[in-house]
Amino acid sequence: MTAAVLAAVLATTAALPGATSLAPGLAAGSAGSAAGYDFADDAVRIAGARATAGAEPLAAGATYRSSLPRNGTLYYRLELDAASDAYVSVTAVPGADGEVTAVDGIRVSVQDAEGGSCSVQSATFGAARSPRPVTARGMREIDPAAHRCQDPGTYYVGVERTRPQDSPPDDWDLELTVATEPRPRETGATKAPEAWDSASPEPLAGEPERRPGGNGFAHATLVGQGVWRDDIRPGETLYYKVPVDWGRQVYATAELAGSADASGYATGALRLALHNPVRGEVDDAAKGYTGRTTTVGLAPLPPVAYPNRYATGQAGALRFAGDYYVVVHLAAQVADDFGQGPFALTLRLRLGGSAGTGPGYAGESRPKGLFEVSAQDRVAAPAGGGADDRLAMKAVAVGGIGTGSLLLLGLAVWTATARRRPRP
């Protein structure tokens, strides 16, 4: 039985009278304290070095925890081959009580052994000036036309604050991940697709289904196309994980309910962002809050495609399939005028386009399976009711499975999947 059929089975069993949702992991996340960030359970503690000479190694496929002081750059070491693209993500978690500025945040750089720059990216708190987890990524790309950062050997990751003079004095906790992407077996297009559907579809309608968001990338709540509901407090950040296949487009909006006290204004209060499988930010949007119902949405994005890496801007981050992350933050300053909440949050997710095939990698990514949608996620993510789902249900019907057998099969699939599902 295919993954699509299994997903349809689970969707059908959930729809039976008296049945509850059987998909594992969907309610695993929970809203923690406003300042809380749940680090990966298997994160390895590591200390950053003040100079490249003492930098400790980061292994591809692993997750690390560290801390960042107010001043200075911390260095970590990478050992890379000459055939794989490498991605390093760094999430900095400031204290909830520190005062931050709009341009404060972190800067992540990758350099070769001679000090040549491979990449530099910054992530700042923005106009809301609300302490929240901020994520920046560094990368080393293999490009035949490039003259730097192409050789195998030692590379260094540097992490620093963007405005130390305006930054809180306390250390910030860090979560670092490293991933490598193999080259394709065959050479394909070296130019990003120019034609794609850039129209914004109507947001999904219907009653929202409750899905508490997770409090970190590693504990993000798995969802698919649908309308989801949770509560959010000022200063809190919620994480959702969305499996996105090659050729699919992500559309997302977040709606914050009105307050009983509709007087006041919080700048950039509701922030919505999309991150790719290596946690690189694809797009973000923010909107102020006046106490009335407020909706913020991402701009239309192109379909996920390998050649997107040759594009500039947002499209360049949509370069691989896998688990994408929808991240929602409510600024701490909302509490000043509208209280501590919680406030009702509605997330609407739509997946456009048609699922296709990837580039055909010549090897395995690290971690394994990072740039594909797993069969388990296909089963666990709620179905969107599209043509593929109807086709899957038709296959089940042709197979002559009765309602009772279908329910038992759904239970068996859920149990087996839950037992072998790896921890996030």
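In this text, all values refer to a predicted model and were calculated from it rather than measured experimentally.

K.L.:
So, the confidence of the model for the protein chain: which residues are in play, and what are the values?
P.N.:
On average, residues of the protein chain carry a pLDDT of 84, and 82% of them reach 70 or more. The low-confidence segment residues 1–34 (pLDDT under 50) makes 76 contacts with residues lying over four places distant or belonging to another chain. For residues 384–424, every residue scores under 50 in pLDDT, and the model assigns this stretch 52 contacts once sequence neighbours within four places are set aside.

K.L.:
An account of the pattern of salt bridges is needed here, citing residue identities and associated values.
P.N.:
Counted under the stated rule, the structure contains 16 salt bridges. Here R309 ties to D85 by a salt bridge, and the two come within 3.2 Å at their closest N and O atoms. Taken together, the positions of R309 in the loop between β18 (294–297) and β19 (322–330) and D85 in strand β5 (residues 85–93) put the pair 224 residues apart, joining distant regions of the chain. Looking at R309, the relative accessible area reads 8%, which means it is buried. Between R107 and E160 there is a salt bridge; the shortest N-O distance is 3.7 Å. Here the residue R107 occupies a position in strand β6 (residues 105–112), and E160 occupies one in strand β9 (residues 153–161), the gap between them amounting to 53 residues. A relative accessible area of 26% places R107 in the partly exposed class.

K.L.:
Can you lay out the packing of aromatic side chains for me, pointing to particular residues and giving the numbers?
P.N.:
One pass over the full model with this rule turns up 11 aromatic pairs. With a centroid separation of 5.5 Å and 85° between ring planes, the pair formed by Y87 and F320 is classed as edge-to-face. With Y87 in strand β5 and F320 in the loop between β18 and β19, the pair connects residues that are 233 residues apart, well separated along the chain. Each member of the pair Y87 and F320 is classed as buried. It is R161 that lies over the ring of W172; its NZ or CZ is 3.9 Å from the centre. Between R309 and the ring centre of Y306, over which it is positioned, the NZ or CZ distance is 3.7 Å.

K.L.:
Now, about the sheet that holds strand β8 (residues 134–140): what can you tell me, with residues and values included?
P.N.:
A sheet is described by the order of its strands in space; here 5 strands give the open sequence β1-β3-β10-β5-β8, paired in mixed fashion. The open sheet has two edge strands, β1 (44–45) and β8, and neither has a second partner. Where β5 lies against β8, 7 bridges are found, and the strand directions are antiparallel. Residue A86 lies in a different strand from β8, and its bridge partner there is R140.

Rules of the game
- Residues numbered from 1 in each chain as written.
- Predicted model: local features only at pLDDT ≥ 70, side-chain atom pairs only at ≥ 80, totals over all residues.
- Heavy atoms only, no water.
- pLDDT = per-residue confidence, 0-100.
- Contact = heavy atoms within 4.5 Å.
- Salt bridge = Lys/Arg side-chain N within 4 Å of Asp/Glu carboxyl O.
- Helix = DSSP H or I, 4+ residues; strand = E, 2+ residues; numbered from the N terminus.
- Buried < 20%, exposed > 50% of the residue type's maximum accessible area, 1.4 Å probe, protein only.
- Phe/Tyr/Trp six-rings, centres within 6.5 Å; stacked < 30°, edge-to-face > 60°.
- Lys NZ or Arg CZ within 6 Å of the ring centre and 35° of its normal.
- Pairing = 2+ DSSP bridges.

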